[in-house]
Structure formats: structure tokens, C-alpha cells
Amino acid sequence: MRASRTPEVDAVVVGAGPNGLVAAVRLAEAGFRVVVLDAADQAGGGLRSAEVTLPGFVHDLGATVHALGLASPAMRALALTEPGPDGHAALELVHPPAPLGHAIDAGRSALLHRSVDETAAGLGRDGRAWRGMLARLSANWPGLAASVLDATRLPPHDLGALLGFGVRGVWPASLIGRTVFRDEPARALLAGLAAHAAVPLSQPLTTGIGLMLGGLAHGVGWPVARGGSQRVADALVARLLAAGGELRTGHRVTSLAELPSARATMLDLTPRQVLAIAGDALPGREARRLARWRYGAGVFAAHWALDGPVPWADPSLADAGTVHIGSSAQIARTEREAARGRHVDDPWVLAVQATVADPTRAPAGKHTLWAYCRVPNGSPVDALPHLERQLERVAPGFRDRVLAVHPMGPAELEAWNANLVGGDIGGGATDLRQLAARPRLSLTPWVTGVPGLYLCSSSTLPGGGVHGMGGWNAAGAALPRLSAHSASD
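Given the structure is predicted, the values throughout are model-derived calculations rather than measurements. (Residues numbered from 1 in each chain as written. Predicted model: local features only at pLDDT ≥ 70, side-chain atom pairs only at ≥ 80, totals over all residues. Heavy atoms only, no water.)

1. Notes on the overall build of the protein
Secondary structure assignment for the protein yields 19 helices and 16 strands. At 22 Å, the protein has a C-alpha radius of gyration in line with the 23 Å of a compact globule built from 489 residues. Here the C-alpha coordinates of the protein stretch approximately 70 × 50 × 50 Å along the principal axes. Residue burial in the protein is summarised as follows: out of 489 residues, 58% are buried. Accessible surface for the protein amounts to roughly 18500 Å². Of this, 54% is attributable to carbon and sulfur atoms. Side chains of the protein give 44 positive and 41 negative charges; the mean places of these two sets differ by 8 Å. (Helix = DSSP H or I, 4+ residues; strand = E, 2+ residues; numbered from the N terminus. Rg over C-alpha atoms; globule rule 2.2 N^0.38 Å. Buried < 20%, exposed > 50% of the residue type's maximum accessible area, 1.4 Å probe, protein only. Areas by Shrake-Rupley, 256 points an atom, 1.4 Å probe, with all protein chains shown as cover. Lys, Arg positive; Asp, Glu negative; His and termini not counted. Charge placed at Lys NZ, Arg CZ, Asp CG, Glu CD.)

Take a look at the structure:
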């Protein structure tokens, strides 16, 4: 970034999360000299996995389910799952029998299958409405996913799919749940999907989040990486090194002045960290805008080693890789109160039983479980009893299966990954304003007011998730600058 007639490298990337690694790979494979710096001892950011409970139990400490990775234009372009020179794939994504189950209570559940028709058949008189909302979106997922995840591209990848999605998706999920569906199973399914937005379900566009995730569940599934999400990061690192790039872990950056001289600098950081290391270099107006960045509600997460499968009251939930727990009213109340800075004693819960799809993550016959509930940003409250009570409610005997547990509240999550400010796993609140202006309203929101300095974290478009688009597009914005300097050298 800093002016230099003989830069040490072409590009420096600060942060080895999925966006930082994708940016580094794109630049390195374009022929530029790239170095990636990360404070952690292992690359991956939110993709890291570890044996945090007992030996032999592999837990994803951040992202686990990779539907967005299958659908993302960036990840599809990188083709990490295609066989390498030795004939073996660098990355294997494996699917559970069903992408999603929803436990409303011990006696009522719903399943979202890969098949729209099979899902609709299980929703009774709401089946037709479910099919009407999801069938076309799931059939057109390539163009839709590309258009939503690459929102600044003009013209859009698939204008028709995007317009159809927008007409349905602009509405609050709470409104659509009340007016389109008549029974609780379909309402709960939509509410659980929409709650991944981490904002109150009364807000606009929450239906769009639900439809996007539901459409991907039908269209591509919700897989996990065999061996843990760390394998996704490892595959990106392997590509980086093969292209001549360099990775330095255990390297904390506190100032831009510490970085090697480079033509371009990519920051896979949220606004708080950007200001800490680059605030003096930014124009005053831009620094003030980043200082106003709002972080969303946090999560309280836990990882369990189990001596057997989760004893669901409804045995069909054993086939679901992801299970949402709670009624549509519970989901709406949890999200509303967390956004207001308040706790609830009966939060909705998101759980992932990755060993349903990938038994290699635990010793034979054993299982792992990961779950979280929404809490106010920075909450110091120990929510583990709330999580386990909700699990016990729909899986009686769950506590008897627990061999060990590793809880992670907002403070622990932020200590593990500084981008998870206050336990916010999305890089900042995803309400309407911060979805459009992420982190600023522009067709090139990754570009800053400092020549050669780019932002590429989940605080940029299109937001959170393992899709790599922030890094891909930031690298794309930097390529003309790097190419021009390369031609003049």
C-alpha cells in the first residue's frame, strides 16, 4: 500500500479467514507476490477446528455448514472440491440425509429435505404455499445465489431470478409467517431460517434470508467438510502456497507501519480492528463512518462430546445435519430481545450434529454436537444451562449422553477470533441499512479512501458466511492497480 519503488511484495493480506485467504489465492494465482499475516497460530479464522472436549472429537469452533460455499461464485471458481494432480480432491463436502430439522417441542417437528416436494408433503395444508415460495428459487439457485452474493455486479448474473426473489424476500419474516402459512411447522421452519439474519424478524428482508437459505438447502444441500471446517482453510492455504504465496501465522498486526511494503493491502478485519491499525491513515470522514459501525447481537455457543447420538424425542431428527429448536414465537422473541440487549430464559437454539454426515469427527459410535443461542452483544451471562435445558426438552436424556462440554460465550469467542466482536458472528449488524451500506454504499465497497488499501471481511458485502465473496471482490478491485504497476515496472 505505501509508496515504494521496490515493494517487498505485491500484496499483503491481514487476516487468514476465508475472505482473506480467497483474496490471497486470487491475487497469487494471477501471478502476484502475496503474503498473508494472521495473529492466530493456525490459519482459517472462523474455519478452524480443534479437539476442545476430548481426544478424537473434532469440533468446528466457527462455521460448520457450507451451503454458501457450494453456491458462491468465488468458491465455485476456485473449485476446491475438484480432484488435484494426484487424483484426489483437496476438499470433500459430505451431506446428511436431511439438511434441516426443526423441533418445535417434544411432540412436533418438521423436516426440510433436499426435495421441495417431500418437504411440502410433510407440511400438510401449508405444503402448497411452501412449494410456491421455494420451488422456483431452488431450481434457479445458480443464478440467484450469484446475483445475491455478488450484489454489485451490473448487470446481475440472473436478473429474473433476482427480481422474483426480491418480490418475496423484501418482507419481514414475521409477516409472511402469519399471512402465508396457517400452521406452526411451516411457520417455525421459515422463522428458523430467517433468524440466521440475527436481527428481529419484524425487519424487512428477513424473509429473503430465509428463502435464500431454504432455497440452497433444496438446491445444493447443507453439507459439512469431511474432517472439519479446518479442511476448507487448509485447501485454500494449499492453493496459496502452490501459487507461490506466503503465510505467516502467529503474527499480530497492530499498525500498517509494521507491514511489508506492498502495492496493495487487504484487511480481513471488521471496522473496530481496521480503525485500530489504520485509523490515522484513513480520511477523517471514512474513519468516522467506520467508528459508527454497529455490531449485532452475540451468540453463546457450546461444543459437546457425546457417547451416542442425540436422543431426539422425534427419531426423524436423527437424519438432520442442522436442527433448529423452538416455536416461531420463541424465535421471534429471542431475536427481538437480544437486539434490545435483553436475555430470555427459553431461547431458540441452532444445533449442528456434524457426525450425522461425517462420522470421522468422533470415535466409533460417538458423536459431536455444536449449538448456540442468541444473546445480547458482549453478554457475560452463562447461557449453557439455557442451551442444555432446551436440548433436554426435545431430546430427553441428552444430559446423560454428555462426556464433555466446551462452552464459548461472547468474550471467549472474541478472544478466539477478534472479528467476533461481542460474540457477533456476522461482522456487524445485518439490518437494512448495514446490508446496503456494507461498510459504505458503493458499487465498490471494498475500496477505501487510501490508495491501495482494501477491506475484505464479513463487514463488507455480501456479509457473513463462508462464501469468500468479500475477499474475491476486494482482490478483483485491486487487480487493475497491481497490473498497472506490474506493467510499468
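On we go.
2. Side note on helix α7 (residues 159-169)
Listing the buried residues of α7 in full gives Ala-161, Phe-165 and Gly-169. Projected onto a plane normal to the axis of α7, the buried residues spread over an arc of 50° and lie on a single side. In this structure, α7 carries Leu-163 and Val-167 as exposed residues pointing more than 90 degrees from its buried face. Residues of α7 that are buried sit in contact with α5 (127-139), α6 (141-149) and α10 (206-219). The N-capping residue of α7, defined by a side-chain oxygen 3.3 Å from the backbone nitrogen of Gly-160, is Asp-158. (Arc of directions from axis to C-beta. Contact = heavy atoms within 4.5 Å. Polar contact = N/O pair within 3.5 Å; in protein donor to acceptor, adjacent residues only side chain to side chain.)

3. Quick word on the sheet that holds strand β16 (residues 453-455)
In sheet architecture, strand pairing relies on hydrogen bonds along the backbone and comes in two forms, parallel and antiparallel. Taken together, 5 strands build an open sheet; the order of strands is β9-β2-β1-β10-β16 and the sheet is parallel. Strand pairing shows two members of the sheet lacking a second neighbour, β9 (246-248) and β16, which therefore form its edges. Averaged over all pairs of adjacent strands, the angle between strand axes in this sheet comes to 20°, irrespective of strand direction. Across 3 bridges, strand β10 (residues 262-267) lies against β16 in parallel orientation. Within the sheet, the bridge partner assigned to Met-266 lies in β16 and is Tyr-454. Those strands touched by helix α11 (residues 230-242) are β2 (34-37) and β9, and its axis lies near 125° from that of β9. (Pairing = 2+ DSSP bridges. Axes fitted to C-alpha atoms, helices over the stretch in contact; angles between N-to-C directions.)

4. Section: the packing of aromatic side chains
Under the counting rule described, the total for this entry stands at 3 aromatic pairs. Measuring from ring centre to ring centre gives 5.5 Å for Trp-304 and Phe-398, while their planes differ by 80°; the resulting arrangement is edge-to-face. Linking Trp-304 in strand β11 (residues 298-306) with Phe-398 in helix α16 (residues 398-401), this pair joins segments that are 94 residues apart in sequence. The exposure classification of Trp-304 matches that of Phe-398, with both residues buried. Seen in terms of ring centroids, Trp-370 and Tyr-372 are 5.5 Å apart; in terms of plane orientation they differ by 80°. Their pairing is edge-to-face. With a relative accessible area of 13%, Trp-370 lands in the buried category. Among the residues examined, Tyr-372 registers a relative accessible area of 6% and is labelled buried. The ring of Trp-472 carries Arg-26 above its face, with NZ or CZ at 4.2 Å from the centroid. (Phe/Tyr/Trp six-rings, centres within 6.5 Å; stacked < 30°, edge-to-face > 60°. Lys NZ or Arg CZ within 6 Å of the ring centre and 35° of its normal.)

5. Quick look at the pairing of β10
In terms of residue burial, β10 counts as a mostly covered element, since 6 of its 6 residues are buried. Relative to β10, strand β1 (residues 9-14) runs parallel, the two sharing 5 bridges. By the bridge assignment for β10, Val-14 is matched with Leu-267.

6. Observations concerning the sheet that holds strand β12 (residues 320-325)
Taken in spatial order, the 7 strands of this open sheet run β7-β6-β12-β13-β14-β11-β15, and their pairing is mixed. Of all the strands in the sheet, the pair left with one neighbour each is β7 (108-112) and β15 (402-408). Across the sheet, the axes of successive neighbouring strands diverge by a mean angle of 20°, strand direction being ignored. For strand β6 (residues 98-105) and β7, the ladder comprises 5 bridges, and the chain directions are antiparallel. Looking across to β7, one finds that Leu-100 is bridged to Leu-112.

7. A closer look at the nonpolar core
The biggest cluster of nonpolar side chains holds 73 residues, and the ones touching the most others in it are Leu-27, Val-34, Leu-78, Trp-130, Leu-216, Leu-236 and Met-266. Once you skip the residues sitting within four places of it in the chain, Trp-130 turns out to touch Leu-112, Val-116, Thr-119, Leu-123, Ala-135, Phe-181, Ala-186, Leu-189, Leu-190, Leu-193 and His-218. (Core = buried A, V, L, I, M, F, W, Y, C linked by side-chain atoms within 4.5 Å.)

8. Re the pattern of salt bridges
Oppositely charged side chains are able to pair whenever their charged atoms sit close together. The final tally for this structure, using the stated rule, is 18 salt bridges. One salt bridge connects Arg-108 with Asp-105, and the closest N-O pair in it is separated by 3.4 Å. Assessed through its relative accessible area of 38%, Arg-108 is described here as partly exposed. Residue Asp-105 is classed as partly exposed on the basis of its relative accessible area, which comes to 25%. One continuous salt-bridge network, built from bridges that share partners, spans Asp-60, Glu-92, Arg-226, Asp-358 and Arg-361. (Salt bridge = Lys/Arg side-chain N within 4 Å of Asp/Glu carboxyl O.)

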